[in-house]
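Listed below, chain by chain, are the residues.
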Amino acid sequence: MHGNEKFQNLLERINAHEKVIGSVLVGDDGEIFAQNLPEGMDPRAVGVWGLAMCQKSGHSLRGADAGELTQIGARTTDGCIVVTEFSAGAIVTMTNGGDSKTLVPLMHSVAELLSEYK
């Protein structure tokens, strides 16, 4: 399986989780390696936002001597967003609806799936 196929397969596995509508894998340079977001969602905008969240939050945590950032979970008026550090970039996963009962298990599941790819 080629790199992009492997990444696309990973995103499909993440998409199998309840309420997930799509994910994007973005490199540290902003390049989109794989995505399966719904039509109408801009993968670059979602990916760059998630990457910025990872990089800025990670920098702040290092400055506070609070360890390395691995994952961020957020709730919006539309659903949940999980940003997970992955290799040289991040995976941003979006849900349609959901609350903390959706967010925490999704964070755990994404982290477990990614551990198979590291």
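**Q** Describe the sheet that holds strand β1 (residues 20-27), listing the residues and the values that go with them.
**A** Strand order in the open sheet formed by five strands is β2-β1-β5-β4-β3, with antiparallel pairing between adjacent strands. Looking along the sheet, the strands with just one partner apiece sit at the ends: β2 (32-35) and β3 (71-75). Strand-to-strand twist in this sheet, taken as the mean axis angle between neighbours without regard to direction, amounts to 15°. Across five bridges, β3 lies against strand β4 (residues 80-85) in antiparallel orientation. Following the sheet pairing, A74 is matched in β4 by I81. The strands that helix α3 (residues 100-115) touches are β1, β3, β4 and β5 (89-95); relative to β3, the one it contacts most, it runs at about 155°.

**Q** Give a detailed account of the pairing of β1, specifying residues and quantitative values.
**A** In terms of burial, β1 is a largely internal element, seven of the eight residues being buried. Here β1 runs beside β5; their pairing, made up of seven bridges, is antiparallel. Across the sheet, residue S23 finds its bridge partner in β5, namely T93. Bridge count for β1 against β2 is three bridges, and the pairing is antiparallel. Paired with L25 across the bridge in β2 is A34. Linkage of β1 to β2, two consecutive antiparallel strands, is achieved through a turn of four residues, within which G30 is found at a positive phi near 90°.

Analysis parameters
Residues numbered from 1 in each chain as written. Predicted model: local features only at pLDDT ≥ 70, side-chain atom pairs only at ≥ 80, totals over all residues. Heavy atoms only, no water. Pairing = 2+ DSSP bridges. Helix = DSSP H or I, 4+ residues; strand = E, 2+ residues; numbered from the N terminus. Axes fitted to C-alpha atoms, helices over the stretch in contact; angles between N-to-C directions. Contact = heavy atoms within 4.5 Å. Buried < 20%, exposed > 50% of the residue type's maximum accessible area, 1.4 Å probe, protein only.

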